[in-house]
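Inside the fold
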Amino acid sequence: MLKYVIRGGNPLHGEINISGAKNAAVAIIPAALLVDGVCRLENIPQISDVTLILRILDELGASVRVINRNTVEIDSSKVRRTCVSHELSRQFRASYYFIGALLGRFGSGQVSMPGGCNLGARPIDLHIKGFEALGAEVEVKNGYVLAKAPEDGLTGTYIYMDQSSVGATMNVMLASVFAKGTTIIENAAKEPHVVDLANFINAMGGNVMGAGTDIIKIKGVKSLVGGTYSIIPDQIEAGTYMAAVAAAGGCVRIKNIIPKHMDCITAKLLEMGVSVVEDGDDLIVSRTGPLKHTNIKTLPYPGFPTDMQSQVAVCLCLADGVSMVTEGIWENRFRYCDELKRMGAKIQVDGKVAVFEGVSKLTGAPVRAWDLRAGAAMVVAGLAAEGVTEVDHTHHVERGYEDLVTKLRNVGADIQLVEEPDDVVCHDNVG
Ligand code: EPU
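What you see is a predicted model; the values in this text were computed from it and never measured.

The next thing to look at is the packing of aromatic side chains. The full count for this structure, using the stated rule, is three aromatic pairs. Between the aromatic rings of Tyr 96 and Tyr 97, the centroid separation amounts to 4.7 Å while the plane-to-plane angle is 90°, which identifies the pairing as edge-to-face. Classification of Tyr 96 by relative accessible area gives buried; the value is 9%. Tyr 97 sits in the buried class, given a relative accessible area of 2%. Ring centres 5.7 Å apart and planes at 80° place the aromatic pair Phe 200 and Tyr 229 in the edge-to-face group. Here Tyr 229 lies in strand E14 (residues 224–230) and Phe 200 lies in helix H7 (residues 192–203), a separation of 29 residues in the sequence. We note that Phe 200, like Tyr 229, is buried. The cationic tip of Arg 368 hangs over the ring face of Trp 370; the distance from NZ or CZ to the ring centre is 4.0 Å.

Another aspect to go through is the nonpolar core. By size, the foremost hydrophobic cluster in this structure holds 77 residues, and its most contacted members are Ile 29, Leu 41, Phe 98, Met 173, Leu 197 and Phe 200. Those residues in contact with Phe 200, other than ones at most four positions away along the chain, are Ile 28, Ala 31, Ala 32, Val 35, Cys 39, Leu 41 and Tyr 229. If you look at the next biggest cluster of nonpolar residues, it comprises 76 residues, including Cys 264, Leu 291, Ala 313 and Phe 356.

Now for the site of the ligand. Taken together, the neighbourhood of the ligand is formed by 25 residues, with Asp 125, Leu 126, Ser 165, Asp 307 and Ile 329 sitting nearest. At a separation of 2.7 Å, an oxygen atom of the ligand approaches a polar backbone atom of Leu 126. Between the ligand and Gly 167 there is a distance of 2.9 Å, counted from an oxygen atom to a backbone nitrogen or oxygen. Calculation on the ligand without its partners gives an accessible area of 820 Å², and the protein chains cover 92% of this total. Looking at the shell around the ligand, the elements with two or more residues in it are helix H1 (22–31), helix H5 (125–133), helix H6 (166–176) and helix H12 (372–384). The greatest single-element share of the shell around the ligand, amounting to three residues, is contributed by H5.

This part is about the environment of Pro 421. Tracing the chain through its elements places Pro 421 in the segment after strand E24 (414–419). Looking at Pro 421, the relative accessible area reads 51%, which means it is exposed. Between the alpha carbons of Pro 421 and Leu 2 there is a distance of 8.5 Å; along the sequence they are 419 residues apart.

Take the environment of Gly 20 next. Along the chain, Gly 20 falls in the loop between strand E2 (12–17) and H1. Along the sequence, Gly 20 and Ile 44 sit 24 residues apart, while their C-alpha atoms lie 5.3 Å from each other. When sequence neighbours within four positions are dropped, the list of residues in contact with Gly 20 reads Asn 43, Pro 45, Ile 231, Ile 232, Pro 233 and Asp 234.

Conventions adopted
- Residues numbered from 1 in each chain as written.
- Predicted model: local features only at pLDDT ≥ 70, side-chain atom pairs only at ≥ 80, totals over all residues.
- Heavy atoms only, no water.
- Phe/Tyr/Trp six-rings, centres within 6.5 Å; stacked < 30°, edge-to-face > 60°.
- Buried < 20%, exposed > 50% of the residue type's maximum accessible area, 1.4 Å probe, protein only.
- Helix = DSSP H or I, 4+ residues; strand = E, 2+ residues; numbered from the N terminus.
- Lys NZ or Arg CZ within 6 Å of the ring centre and 35° of its normal.
- Core = buried A, V, L, I, M, F, W, Y, C linked by side-chain atoms within 4.5 Å.
- Contact = heavy atoms within 4.5 Å.
- Near = heavy atom within 4 Å.
- Polar contact = N/O pair within 3.5 Å; in protein donor to acceptor, adjacent residues only side chain to side chain.
- Areas by Shrake-Rupley, 256 points an atom, 1.4 Å probe, with all protein chains shown as cover.

As structure tokens, then:
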């Protein structure tokens, strides 16, 4: 069992370089299956979800050449298998993108039902409805999703998404790249990673229009050719470090971001009395005074992102007065609150709403990373707290943050990744 040991209380000072976006990379790497030729992907984050995806590509028969730690070249011309093993796909949610990519390129795909963070029910009915609308037959059997196109291939159509879904929007885009005619997705998700996938497909010779609005049109093309593409910076990684500065104090230049993607997070930090100054592709974030309370509701982009809820909630624990957080996307995203209460936070959770009564300080404690973003929040809390915080189940955090420990140590944080024998961990409630 690995754990982060954090001695809190150091204000953060310096620069943090932001890596490529996880939720773009996990769709764009499988999209390389659609490309006839060598596809060079740059700015790939070195995180465990990406490692798994590259292993799946290898298992399917693609040639994956690692150029350096953030660049790979993928050649899918020798791929013949269209089944992704349960052992690999169950480990992360985004394995569902292999269904769309395999169906789109080879006319069939078989992928184990995806795993990932436990945030409540995580159905894929909208993905399946989208594939079926394109003419595919989809069956869930023995734990696998099997999607098969008719003999004469998929046909473009009009698809209305009952709910804005990032995964379903991107999966339908993947499946429809070669579909005959035009596919129209209405009520499409608008997240930056949706736009990044569209830009990738277009850079390889596809025809996707409207990504970033709620109507996306995909005109089927005959093939995608090879090329080079660089993944966008990670909005949530950047936001997490902004929250860390807000909670722990100090002044940090967050480098290599797209400031527009950060507006929804920046707006809340400004309300809380944090200074955020845009400087080209960087944001300079600083906090010297007390934090002010505010209310947050998570929403699809450009609303406040659910993936930033827990990290900013740590700041609300330390803000003057009472703040309210409403989760608008997932059923079960407040499990981290019990961990924060162990550190002295005052929080009341009722269904999808949590009320935070600000306290003057948090105190270090052994806590658990329940999932990726909950784990990031524990790190933020540990940096702000008095004394030592130990965060276990760090594998969740490693799924989405490249070099977290090094990046934080470079700005003055006292954080280490330490190996601990499993039997020493006594607060891991598995019951
Ligand atoms: N939904 C359905 N049916 C579906 C798909 C989604 O009812 O077929 C519902 C979900 O239950 C949820 C809502 O629609 O209530 C939105 O889900 P969405 O499909 O947008 O989520 P996702 O694609 O599974 C991605 C990110 C999540 C992020 C959400 C929302 C990836 C790999 N994951 O999930 O990221 O929280 O969008 O922005 O892109 C994370 O990075 O920590 C993370 C959990």
